[in-house]
Structure formats: C-alpha cells, structure tokens
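Summary of structural features
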Amino acid sequence: MSDSQLEMTEFHWLMDILQTIDVGLVVLDRDYSIKLWNGFMENHSGVRPDQAKGQNLFTLFSEIDESWFKKKAESVFLLNTRAFTISEQRPYLFKFNNNHPITGRADFMYQNATIIPLNNVDGSTDHICLIVYDVTNSAMSNKDLLGIKALLNT
Amino acid sequence: MTTKVLICDDSNMARKQMSRALPDSWPTEVTFAKNGAEAIEIIKLGGQELMFLDLTMPVMDGYETLEAIRKNDMPILVIVVSGDIQPEARERVKNLGAIEFIKKPVDEGKILNVLIEYGMVGGNNE
Amino acid sequence: MSEIIALTEDERDCYQEITNVAMGQAADRLARLLGVYVVLPIPNVNIIERNEFKMTIKSLENAPTVSAVCQGFIGAGIAGEALLIFNDSSFSDIAQLLKYSKELNPKEELEMLMDVANVLNGACIQGIGQQLDINFSQSHPIILGQHRPISELLDEKHVTWQRTMAIEINYTIKDHNINCDLLLLFTEESVIHMNRLISFLLED
C-alpha cells in the first residue's frame, strides 16, 4: 500500500471508531451550533446527524442548562484548556435513557463529560469537542455504597 | 414450460421472501408447505420438480425431510435455504442429497446463479 | 399515550424469522470458536408483563444456580438488552472446549462467561440490526450475577417498565452438557417502532 492509501485507510478506520465507540462525541462552534454528531449520540438521542448538524445545541436539547454549560465551555474557548463535569455535579447533560432499559435500575443515563478545545493552525480555538461518557453503573454502585454506609452509621 | 416449485418453511414471511426471490422471467407454479410432513404429502402427489427447504421446522424438520425423500427415492431436486449456516449443517444436507445450500436471508442473485448452474433457467443470452 | 403493544401472527412470525437468521449467524461463530455443532431451536417470541417476567426467566433454566450477563443495545429508536443466562453445570464442558484448566477458579469462569456472551450477544444483536438496517450501539456488558438462583437475578423493586417483548433462544451443544439461554428484551416503545420497520417485510 502506498503512503496516501495507508492514510486513507487510517482515516476510514478512525471514522469507523468514532461511529462505533461507546462514548458520545459532539463538535460545537463558537455559537454552539452542532458540527459533528457520532453514532452514540445518534442512537441514544434518536436525532440523526443530518438533523443535528447546524442546529443550536440548546434549542435541540432544552434539558441542558445553557448558562451553566456556557460557563464551562467559554473557558475552554478562551483559555484553551479542558473542562470536566461529573455526574455528581449534574447527573446528566443529555437526558438519555438508561443503557440497560430492562434490567437496569436507573431511570436515565448518568453522564460524565469532558469539553476539549479543537485548535486552528494558528492556535486559536473556534471549535470545541464535547465527550460524553455513560457512568450509570458506577453512579448506581456509589449510591448503593452510600446507602449502606448510612445504614452502618445509624 | 412451467416448472413446479415447492417452498417448504414454517415461517409465512420466509415463504413469501423465497417466492419473491425467484427470477421474474422464470415461469413457475409455486406450492407452499409449512413443514416437512406437508411437503412429503405434496411431493407424493407427483409433478414437483424443485423444492426450497428450510431446516429448523416443527413436526418434521429439513433433515428428516431429506431422509424421507432419499428413502422413498422421490424424484425432486432440493435446495436447502437456512439460517443455520454452521459448516456441519451444510455438510449434513449435502450428504443427505441436497444439491445446494443457500443462507438466509435469501439473495436473489445467489438464487439466480444456482438456477442457471443447474440449467433450470437460461443464462445471459436468454 | 399508553398504547398497549400486541403482536399479530404475521408480526410474531416475522420476529421469529429475523431471530432465526441472527441466531444462526451467532451459532456459526460459536461453532467455529468451540469446534462444535450448536443445536438451533425455534425461537420463542412473546410480549410479557412485568409480573410474568420472573416466571419466564425461571422457566428457562431448571438449574439450581446460573450466571448471567446482560448487554444493552440501542439505535434508530429501538432499545433493549441481550441477557445471556448460563447454566452453571455447563462450565466444565465449556472449559474443556475453550481449553481452560480443569480446576476452574472464579476468574476463569468469568473469562469464559464473557467469551461466550461476546460471541452470542454480539452476533445476535448485529444480525438483527443488519436485517432491519440499523447499526446498533452496544454498551459494556454487566454481570447480573454469578452462581445465583435464577430468581435473584433481577431486582424487582426497581423495575420501571410495564411490558417487554422477549425473544427466547435456547442454545444447546451437540455431544456436550452445555445449555444457555439468550433472552432478547425490547422496550415497549421499541416494539412500536419495530412493528413499523418490519411492515415492509410483511407486504404482499
């Protein structure tokens, strides 16, 4: 395989990985308009990429607290640093159903999220990537543990 | 000349899919059976030339049907159409006299190729 | 809103046939992994109420204890879980086929359970997805329990659903004492979507 063929193959691999990974990936521009929407986001939200692209994040998902989210995201745009949110702060960013709808005990998917800056060639940041993790299992175990601890202390 | 074709499958949908997958240009008279026992009764009446046979069925499954056909020396060609695609399943049905094994869901192109191969349908020049 | 889901005979037949094809693909992979022949049954498709769920699970296995793994899947408005229930008496035969040591420790048992679950769950979910033209997301598997009575697998207090479509597949392996059940469970909402999706397959 030539170098350019290899690069194309690698590119296809990466695209496949983005689509299949059990993690949500969303790219947003300065106006919080959606630029990329991967398979996880599509499957859990029921919103297809062609329906999501170009839409404002907060219009499409009213469950996201706009001012809260913007405070985190603006620092990423401005300071070029990452921001993290954990399910203890807010159980979820997107209101998705629990990944185990039959045997699961949670009513929704608990989420951690990371916001990373995507840099231009000149180092400025016009886009950010939102990474969404399903942490329902550990959140539920934590809850159980706290319950047991409380019982032991009474 | 019309060919008498028997489609044997316990699933109504599978029977429909199978009959739809037959080439449009091929003149056939299609009869359906819901299990092997029904198929054998129909074959006994005579005239059937080709059977598409499922394997997993109640009452009498595909293997038993093939055995019955062989035992009674029935003059019919059998193509097995099955979701059970394990190597052993293919081998077993070939040993029992099936001329071909086609996996489900059926593919029209594959059916056409098999029919051409066995001279039941003409090739491209038709 | 609460449209009660039901299946017509044609719809049930359609799910049975779709499952039949998907489980055939799964069995083929397991057969190649273990070098055996997997006996394929006719799958059972039913709508079950939440209070019937325990009964359904209980009727699957008469073993005193079982181990179970479940894995969620979602895509195109269809969500559910694949639940693999493993008869504990199957472990020694599986170990032999997968060439694990004779004396199994719990870690190895977990490894085997996951190996088999990956093959069966994955192939079945993908197989159904392929036929409906859906690329399902699959979550990480969860152990529901190891070596537990089957009735303890599900925490009934926390059940949030009313009805589910359950597809039961009982896999046995020729010449070996191996028995496991794969239960595909779909949420009510999903069944409404799926009935719409399969309607084109049922057209005359």
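Right above here is the structure, for reference.
Our subject in this report is the structure included herewith.

Scanning chain A for helices and strands turns up 6 helices and 5 strands. Listed N to C, the secondary structure of chain A is α-β-β-α-α-α-α-β-β-β-α in terms of helices and strands. A principal-axis box enclosing the C-alpha atoms of chain A has dimensions of 65 × 40 × 25 Å. Put simply, of all contacts in chain A between residues at least 6 apart along the chain, 43% involve residues at least 24 apart.

On to the overall build of chain B, then. Counting secondary structure elements, chain B contains 5 helices and 5 strands. Starting at the N terminus, the α and β elements of chain B follow one another as β-α-β-α-β-α-β-α-β-α. Against the 2.2 N^0.38 benchmark of 14 Å for 126 residues, chain B shows a C-alpha radius of gyration of 13 Å, consistent with a compact globule. Taking the principal axes of its C-alpha atoms as reference, chain B extends roughly 40 × 35 × 25 Å. Counting the 126 residues in chain B, one finds 35% classified as buried. Counted over contacts in chain B with a minimum sequence separation of 6, partners at least 24 positions apart contribute 61%.

What follows is about the pairing of strand 2 (residues 34–37) of chain A. Residue and element names in this part refer to chain A. As defined by bridge partners, strand 1 (residues 24–28) adjoins strand 2 across 3 bridges and the pair is classed as antiparallel. Residue pairing in the sheet places Val27 in a bridge with Leu36 of strand 2. Here strand 1 folds back onto strand 2 in antiparallel fashion, the turn holding 5 residues, of which Tyr32 has a positive phi close to 65°.

Right, let's get into the interface of chain B and chain C. Taken residue by residue, the interface counts 13 residues in chain B and 19 residues in chain C. Ranked by residue count, the leading element in the side of chain B that touches chain C is helix 1 (residues 12–21) of chain B, at 3 residues. Its residues placed into classes, the side of chain B that touches chain C shows 5 nonpolar, 5 polar and 3 charged.

Our next topic: the environment of Asp29(A). All names here are of chain A. Looking at the secondary structure, you find Asp29 in the loop between strand 1 and strand 2. Given 14 C-beta atoms within a 10 Å radius, Asp29 is considered partly exposed. For Asp29, the contacting residues outside a window of four places in its chain are Lys35, Asp126 and His127.

Turning our attention to the arrangement of the chains. Contact analysis covers 2 pairs of chains in contact, and the most contacts occur between chains A and C. When C-alpha atoms are compared, chain A and chain B, though not in contact, are closest at a spacing of 25 Å.

Contact with chain A, which involves 16 residues of that partner, is made by 24 residues of chain C. Among the elements that line the side of chain A that touches chain C, the one with the most residues is helix 2 (residues 39–45) of chain A, at 4 residues. Looking at side-chain class alone, the side of chain A that touches chain C contains 3 nonpolar, 9 polar and 4 charged residues.

Further remarks concern the sheet that holds strand 5 (residues 100–103) of chain B. Residues and elements named next belong to chain B. Read across the sheet, 5 strands follow the order 2-1-3-4-5 without closing on themselves; strand pairing throughout is parallel. Both edges of this open sheet fall to strand 2 (28–33) and strand 5, since each of them pairs with a single strand only. Averaged over all pairs of adjacent strands, the angle between their axes in this sheet comes to 20°, without regard to strand direction. Where strand 4 (residues 77–82) lies against strand 5, 4 bridges are found, and the strand directions are parallel. Looking across to strand 5, one finds that Ile79 is bridged to Glu100. Against the sheet, helix 1 touches strand 1 (3–8), strand 2, strand 3 (50–53) and strand 4, its axis set at about 150° to strand 1.

About the criteria used
- Residues numbered from 1 in each chain as written.
- Chains lettered and ligands numbered in written order.
- Predicted model: local features only at pLDDT ≥ 70, side-chain atom pairs only at ≥ 80, totals over all residues.
- Helix = DSSP H or I, 4+ residues; strand = E, 2+ residues; numbered from the N terminus.
- Contact = placed C-beta atoms within 7 Å.
- Rg over C-alpha atoms; globule rule 2.2 N^0.38 Å.
- Buried ≥ 20, exposed ≤ 12 C-beta atoms within 10 Å, placed from the backbone.
- Pairing = 2+ DSSP bridges.
- Nonpolar A, V, L, I, M, F, W, Y, C, P; charged D, E, K, R; others polar.
- Axes fitted to C-alpha atoms, helices over the stretch in contact; angles between N-to-C directions.

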